[in-house]
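Residue strings, one per chain:
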Amino acid sequence: MKRTPLYQAHVDADARMVEFAGYEMPVQYPLGVKKEHLWTRDSAGLFDVSHMGQIVLRGDNVKTELEALLPVDVLGLELNHQRYGVFTTTNGGVSDDLMFTNLGDHEIYMVVNAACKEQDIAHLKNNLPTTEVEVVDRALVALQGPKAREVAAQVLPELKDLLFMQSTKLEWNGIELWVSCSGYTGEDGYEISVPNNAAIEFCAALTAYDEVEWIGLGARDSLRLEAGLCLYGHDMDQSTTPVEASITWAIQKVRRAGGEREGHFVGADVILSQFTKGVSRKRVGFIVDGKAPVREGVDIVTEAGNLAGSVTSGGFAPSLGKPIVMAYVQTDRLDQPLFASLRGKLIPLTPAKMPFFPSRYYRG
C-alpha cells in the first residue's frame, strides 16, 4: 500500500489505519468517529486527503479543450475561482467527479478522486490534444468547521476573507501553498495543497491550536452524507447520469439546451435530453424511522413490497441524532410511502431535502 506524506503524523496521533484506494489511510483517531464528526461541526477538523489526484493543465487552448470533456462552464470561470465538475461517458454516465480552478496564464488546477486518478490522467492526456498534463506530487489537507477560518487566519492571515470557491496561492515559512475555500463536509473551510517535505510541519502548526483535531475517513463519510454530497462509486458511477444523480445544478445554463455553448461535451445528447424528457429514477434523501442504520445496498420498497430503488449511502447522522440514507428511487414511486427492507422488516422512510444538515459555506 502507498502512504501519504502525513503517514507518520497519523501514527503519532494513534490513528487506526486502513486500506483505502490503495493507500494506508486513517479511518479514525482515539476520539472516535462520532466525536470526530461532532468536533468538526462544532470546531475545526483536519483531514488528510493527499491520496486524491492533483493535476495541473497548461496550454493556450486548455479551457476550450477541457470544456469539450466536462458538461460545465469552463470558459466562464473567473480567475482564482474553483468549480465542481464531472467527467462523462458517451452514454451520459459519470466516470468521476472533480474540482478545478482557473489559475490564469492558461493554467487549470484539478483535484480528482483517488480511485479514479489513473484513468482520469489517461483520459486527459488522450483528449486534450495541445494541453500539457502534469501530475503534481504534493500533500493535500482539508481544514473544516466553524472555527476553521479563525484558526487559518492566525496561521495565514490572507485567508481571513477568502470566499467559498475562491482560491489563492501564498507563502508560509518560505513554502508555497495552494488554497481553495472548499471542502466536502458542508462546513466552511479550506483545502490546502502543501509540498510533501513541509506537510507534517504545516499540519503540526494547525493542530497546535486547541480548536483543531485530526479527523479520519469514518467521520469524513458521515459528514459528507449529512451534507448530501455524492461519494463517487457509490452515489454515482458510469451507470448514472448527472440528471439521475440530482446534480443538475453543476451544469450551468450556458451548456444546456438553448445556452450559448450548449452541448459539445461527452454524452451531451443523452444528458441534455433528460432535462426535458425526465428520468425514470433519481437520487433522493430519506430520514429513517427508528435508530437502526440502513446501509448501502438495502432495497427500497413500497408498502406492498414492490421494489422501488436501492440505498447507495446510509448511516447514523450524529448531527441529527437519527439515521439517514441517499438512494436511487423510481420517479413514479416517489409519491408513495416507501420503506427500507431490512432483515425482513419494513422500516418507514420520510423524504428529506438535501443537504440533511444545513451547509455553512462562507460567502461573505
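> What's the story with the environment of A115 in this structure? I'm lost.
Along the chain, the position of A115 falls in the loop between β7 (107-112) and α4 (117-127). Note on A115: relative accessible area 68%, which makes it exposed. A sequence separation of 64 residues divides A115 from H51, and the C-alpha atoms of the two residues are 8.7 Å apart.

> Whenever I open this one, the sheet that holds β7 confuses me. Can you help?
In any sheet, the strands associate via hydrogen bonds between backbone groups, in a parallel or an antiparallel arrangement. With respect to topology, 5 strands assemble into an open sheet ordered β5-β6-β7-β4-β8, the strand pairing being antiparallel. Here the strands that pair on one side only, and so sit at the sheet edges, are β5 (82-88) and β8 (132-136). Ignoring which end each strand starts from, the neighbouring axes of this sheet average 30° apart. Inspection of the sheet shows strand β6 (residues 94-104) paired to β7 by 6 bridges, in the antiparallel sense. Note on β7: the bridge partner recorded for N102 is I108. The sheet strands contacting α4 are β4 (53-58), β5, β6, β7 and β8, and the helix crosses β4 at an angle near 10°.

> Could you clarify how one ought to interpret the sheet that holds strand β11 (residues 175-180) in this entry?
Strands sit in the order β10-β11-β12-β9-β3-β13 across an open sheet of 6 strands; the sheet is mixed. Each of the sheet's edge strands pairs with one partner strand only, and the pair in question is β10 (167-172) and β13 (212-214). Each adjacent strand pair in this sheet contributes to an overall mean axis angle of 25°, direction not counted. Here β10 pairs with β11 via 6 bridges, running antiparallel.

> How should the pattern of salt bridges be read in this particular structure?
Side chains that differ in sign of charge can pair as their charged atoms come close. Using the criterion set out here, one finds 15 salt bridges in the structure. For the salt bridge of E187 with R360, the shortest nitrogen-to-oxygen distance reads 2.7 Å. Residue E187 is found in the loop between β11 and β12 (189-194), and its partner R360 is found in the segment after β19 (345-352); the two are separated by 173 residues along the sequence. Judged by its relative accessible area of 2%, E187 is buried. Using a relative accessible area of 36% as the deciding quantity, one classes R360 as partly exposed. Residue R224 pairs with D235 through a salt bridge whose shortest N-O separation is 2.9 Å. You can see R224 sitting in helix α7 (residues 217-226) and its partner D235 sitting in the loop between α7 and α8 (268-277), a full 11 residues away along the chain.

> I tried to follow the packing of helix α2 (residues 33-42) against α7 on my own but got confused; where do I start?
For any two helices packed against each other, the geometry comes down to the angle between their axes and how far apart the axes lie. At a closest axis distance of 8 Å, the pairing of α2 and α7 adopts a crossing angle of 55°. For the element pair α2 / α7, the angle class is oblique. For the pair α2 and α7, the sense of crossing is right-handed. Counted together, V33, E36, H37, T40 and R41 of α2 and G218, A219, S222, L223 and E226 of α7 form the full contact between these two elements.

> Would you mind showing me how to read the nonpolar core here?
Ranked by internal contacts, the top residues of the largest apolar core, which has 34 residues, are L177 and F202. Leave out the neighbours within four places in its chain, and F202 touches V141, V155, L156, W172, L177, I192 and V194. The next biggest cluster of nonpolar side chains, apart from the first, holds 19 residues, and it includes I55, V72, I121 and L124.

Cut-offs applied
- Positions within a chain are numbered from 1, following the residues in the order the chain's sequence is written.
- Where local features are concerned, this predicted model is filtered to residues with pLDDT of at least 70; where side-chain atom pairs are given and counted, the filter is 80 or more; whole-chain, interface and lining totals use all residues.
- The basis for the side-chain values is all heavy atoms of the structure; hydrogens and waters are excluded.
- Note on conventions: DSSP H or I runs of at least 4 residues are helices, E runs of at least 2 residues are strands, and numbering of each starts at the N terminus.
- Only protein chains enter the accessibility calculation, which uses a 1.4 Å probe. A residue is then buried if its area is under 20% of the maximum for its type, exposed if over 50%, and partly exposed in between.
- Only when DSSP finds a minimum of two bridges between them are two strands counted as paired.
- Axes, fitted as lines to C-alpha atoms, cover a helix only where it is in contact. Angles between the N-to-C directions of the axes lie from 0 to 180 degrees.
- Any pair of residues with heavy atoms lying within 4.5 Å of one another is described as a contacting pair.
- When a carboxyl oxygen of Asp or Glu is within 4 Å of a side-chain nitrogen of Lys or Arg, the pair counts as a salt bridge.
- Note that the term roughly parallel is reserved for angles under 35 degrees, roughly antiparallel for angles over 145, roughly perpendicular for angles of 65 to 115, and oblique for everything else.
- Each crossing gets its handedness from the near helix: less than a right angle anticlockwise from the far helix is left-handed, clockwise is right-handed.
- Nine residue types can take part in a nonpolar core, namely buried Ala, Val, Leu, Ile, Met, Phe, Trp, Tyr and Cys, and a core is a set of them joined through side-chain atoms within 4.5 Å.

Geometric values such as these leave the question of function open.
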